[in-house]
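These are the residues of each chain, in order.
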Amino acid sequence: MQGIPGGGTRPGPSPVDRQMLLIFSFTLAVALGQMNFTGDQVLRVLARDEKQLSLLRDLEVLKPQKVLLDEEREAMAKSRRLERSTSSFSYSAYHNLEEIYSWIDNFVMEHSDIVSKIHIGNSFENRTILVLKFSTGGSRHPAIWIDTGIHSREWITHATGIWTANQIVSDYGKDPILTDILKAMDIFIELVTNPDGFAFTHSMNRLWRKNKSIRPGTFCIGVDLNRNWKSGFGGNGSNSNPCSETYHGPFPQSEPEVAAIVNFITAHGNFKALISIHSYSQMLMYPYGRSLEPVSNQRELYNLAKDAVKALYEVHGTEYIFGSISTTLYVASGITVDWAYDSGIKYAFSFELRDTGHYGFLLPATQIIPTAQETWMAIRTIMEHTLTHAY
Amino acid sequence: MQPRRPPPPAPGSGPWGPRPAAPLIALLLLLVPVVAAAESESAEDRGQPQDAGLQRRLLQQAARAALHFFNFRAGSPSALRVLAQVQKGRAWINPKEGCKVDVVFSTERYNLESLLQEGEGHLGKCSARVLFKNQKPRPAVNVTCTRLIEKKKRQQEDYLLYKQMKQLKNPLEIVSIPDNHGHIDPSLRPIWDLAFLGSSYVMWEMTTQFSRYYLAQLTSVRQWKTNDDTIDFDYTVLLHELSTQEIIPCRIHLVWYPGKPLKVKYHCQELQTPEEASGTEEGSAVAPTELSNF
């Protein structure tokens, strides 16, 4: 833990204040270490009054320490910094959890005629899990599910989801296909499917994949949320080692993030399509992941994927490959789309967005909008097919 | 397509369609040929989708292994190549021994800025034979590529990069390259290119018919002063292995001078098991008879 150097050559704090500073140092809260190799540390300092606050401001000019303000003050400062409307939100930048949740609130408010937000549960670290609902009314219309960010390091997916949400409200009434879809069906988008992991990618470890659940018996943290579903659970392509990136967890749906979705979709009972978005590899895939066995409507899904990939390609020339998960990517058990398919959702697809390995998870923000634009055309193709092939 | 000047490593690898020697023919007869050549990656309707998928994956694996090896052997950070498209190939699988793959593929320059531009005509072509040995690293690679960049231009760019590296102030205060938002500062590009070159050696060694590696991020760099003007630096990379989704930190030590063979030593961290095992990997581009000088 680093102390705060006092004084210096500039006109600094008075002797009394210096004492305050010393007392301060001893009341420093837990230091959070960054997971890199330069030894940077972030110190959280609690200020109790205006005087301490001004001391902190004096310290701010000292490098290299960075000082955070008292939580109350911080909250106030934040509310000033956060945008009050979505018109100033940048779709071509990556955002943190707070910014996304703030955007959601604004977004819902601005488009309350067709958008609402639903709290479907809480994460392991007790963060709110939110789903956006796009509906033109009616009761329990057949529905389409889209999730992004189930693996927290796949930042392009959250960014694509946000852009897509905005695209839906922009295009409603203008794009005849989307308008037809929304007239007959509801769309649900879960933007931050793994909020704990996502917060962790911002604070400590950019390449974190799993959630943040801990359990006795192991010092390793987290379950791969895309191995925790009740479909071929524990099979090949998942791992029983808690330290593994594909650890499936102790039992199916053991993770609150997965249970929340299962409960929601099951209770709803009328989902017709499910799209789970990941990165990277540039692939569009359908079940099964758990085995090479083809699904019963394999031909139909193959052709639909082919059309969707073609529509995607026509936007920016990005090439995707497609097929079942097990034959295109790898065998993986306990995955979202296998569960969805086994639960009766015939049109279950998994995307792996840009790129194919140059930047991988660290896709530059300049590629957010092109990626979202092309992905949207593929999603739209799938949704249209779902609409015209009611079951 | 004939290469203008066949580069090393091994003699005997010609253009696509080699003529194997007699013992090799015998070996080929022993191996079980897997159903026919696969076309380029866009949709095909013939054959069962599953077989085609498996074939395609193997060809991809082989192409990547061959490219890592090619990049390492070329030893040129300004002439790095990446896979554009697998064009054709054939895989023979012997469950006991491993996997032999002949593959032809196109490549493009590993120039991150130009990736978004299509149709610049900067496509090279390679043909390779790759032998994956079951459960063993270091696939045997025979690869030939057409020249992508004119030799003189490549030498100039290498030398420019060398100069840029030499001018960097030490100790380098690098946090991450790229940063968490995928951005690489132009002044740091030489470091990244050189790190990618060194990582190619590591990734080649570690690639099997199942595991595939990508360079995710560079997390620390330290450059050493040398007596002989070589570039000598230590760095840590995070490699991403696709089939297990693991992130593997590797410490790499690299010695380079434009036009000279690359020297690499590395140590990658093993996956944490509950018992916390760890291992050491060392490799060197230098032939066994030469002593390494670091």
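Residues numbered from 1 in each chain as written. Chains lettered and ligands numbered in written order. Predicted model: local features only at pLDDT ≥ 70, side-chain atom pairs only at ≥ 80, totals over all residues. Heavy atoms only, no water.

Caption draft 1: Molecular detail of the interface of chain B and chain A. Contact residues are listed per partner, giving 45 residues for chain B and 43 residues for chain A. Buried surface at the junction of chain B and chain A, summed over both partners, amounts to about 3800 Å²; 55% is from carbon and sulfur atoms. In this assembly, chain B and chain A are joined by zero salt bridges. Here chain B is connected to chain A by 10 residue pairs in polar contact (both at pLDDT 80 or more). Going through the elements one at a time, helix 2 (49-74), strand 2 (81-94), strand 6 (213-224) and strand 7 (231-241) of chain B are the ones with two or more residues in the side of chain B that touches chain A. At seven residues, helix 2 of chain B tops the list of elements feeding residues into the side of chain B that touches chain A. Partitioning the side of chain B that touches chain A into residue classes produces 19 nonpolar, 16 polar and 10 charged. (Contact = heavy atoms within 4.5 Å. Buried area = accessible area lost by both parts, 1.4 Å probe. Salt bridge = Lys/Arg side-chain N within 4 Å of Asp/Glu carboxyl O. Polar contact = N/O pair within 3.5 Å; in protein donor to acceptor, adjacent residues only side chain to side chain. Helix = DSSP H or I, 4+ residues; strand = E, 2+ residues; numbered from the N terminus. Nonpolar A, V, L, I, M, F, W, Y, C, P; charged D, E, K, R; others polar.)

Caption draft 2: Quick look at the sheet that holds strand 8 (residues 247-256) of chain B. Residues and elements named next belong to chain B. If you trace the four strands from one edge of the open sheet to the other, you get 6-7-8-9, paired in antiparallel fashion. Strands at the two margins of the open sheet, each flanked by one partner only, are strand 6 and strand 9 (263-268). Strand after strand, the sheet turns through a mean of 25° between neighbouring axes, direction not considered. Across the sheet, helix 3 (residues 151-167) touches strand 6, strand 7 and strand 8, and the angle it forms with strand 7 is around 105°. (Pairing = 2+ DSSP bridges. Axes fitted to C-alpha atoms, helices over the stretch in contact; angles between N-to-C directions.)

Caption draft 3: Highlighting the pairing of strand 8 (residues 271-279) of chain A. Residue and element names in this part refer to chain A. By the criterion of burial, strand 8 is predominantly enclosed, with nine of the nine residues buried. Pairing analysis gives six bridges linking strand 6 (residues 143-148) to strand 8, with the strands arranged parallel. The residue bridging Ala143 from the neighbouring strand is Phe271, located in strand 8. Two strands pair when backbone bridges link them, and strand 8 and strand 11 (residues 347-353) are joined in this way by seven bridges, in the parallel orientation. Bridge assignment links Leu274 to a residue of strand 11, and that residue is Ala348. (Buried < 20%, exposed > 50% of the residue type's maximum accessible area, 1.4 Å probe, protein only.)

Caption draft 4: Fine view of the side chain of Asn194 of chain A. Residue and element names in this part refer to chain A. Tracing the chain through its elements places Asn194 in the loop between strand 7 (186-190) and helix 7 (195-203). Among the residues examined, Asn194 registers a relative accessible area of 0% and is labelled buried. Of the polar contacts made by the side chain of Asn194, one reaches the backbone nitrogen of Gly197; its length is 3.0 Å. Looking at Asn194, its side chain comes within polar contact range of the main-chain oxygen of Arg209, at 3.5 Å.

Caption draft 5: The state of the cysteines, seen in detail. All names here are of chain A. Under the defined criterion, the tally for this structure stands at three disulfides over all chains. Across a sulfur-sulfur distance of 2.1 Å, Cys220 and Cys243 are joined as a disulfide pair. Note on the Cys220 and Cys243 pair: the S-S dihedral is about 90°, so by sign convention the disulfide is right-handed. With Cys220 in the loop between helix 7 and helix 8 (256-268) and Cys243 in the loop between helix 7 and helix 8, this residue pair connects regions lying 23 residues apart in the sequence. (Disulfide = S-S within 2.5 Å.)

Caption draft 6: Just the pattern of salt bridges, in detail. Counted by the stated rule, this structure contains 17 salt bridges over all chains. A salt bridge links Arg189 of chain B to Asp193 of chain B, with the shortest nitrogen-to-oxygen separation between them at 3.2 Å. Separated by four residues within a single helix, Arg189 of chain B and Asp193 of chain B lie in helix 4 (residues 189-206), roughly one turn from each other. Per residue, the accessibility class of Arg189 of chain B equals that of Asp193 of chain B, and both read buried. Taken together, the salt bridges that share partners define one network made up of Glu125, Arg127, Asp196 and Lys212 of chain A.

Caption draft 7: Seen up close, the packing of helix 9 (residues 298-316) of chain A against helix 12 (residues 368-388) of chain A. Residues and elements named next belong to chain A. As a packed pair, helix 9 and helix 12 sit with axes 8 Å apart at the nearest point and diverge in direction by 150°. Once helix 9 is placed against helix 12, the crossing between them reads as right-handed. Here Glu300, Leu304, Asp307, Ala308, Ala311, Leu312, Val315 and His316 of helix 9 lie close against helix 12, whose contacting residues are Pro370, Gln373, Glu374, Thr375, Met377, Ala378, Thr381, Ile382 and His385. Per-class residue counts for the contact of helix 9 with helix 12 are nine nonpolar, five polar and three charged. (Left-handed = near helix turned anticlockwise from the far one by under 90°.)

Caption draft 8: Representation of the confidence of the model for chain A within the structure. All names here are of chain A. Averaged over chain A, the pLDDT score is 87; the fraction of residues at 70 or greater is 79%. Note on residues 28-39: pLDDT under 50 across the span, and 24 contacts to partners over four residues away in sequence or across chains. Predicted confidence is poor over residues 62-71, with pLDDT under 50, and the contacts of this stretch with residues over four places away or in other chains come to 19 contacts. (pLDDT = per-residue confidence, 0-100.)

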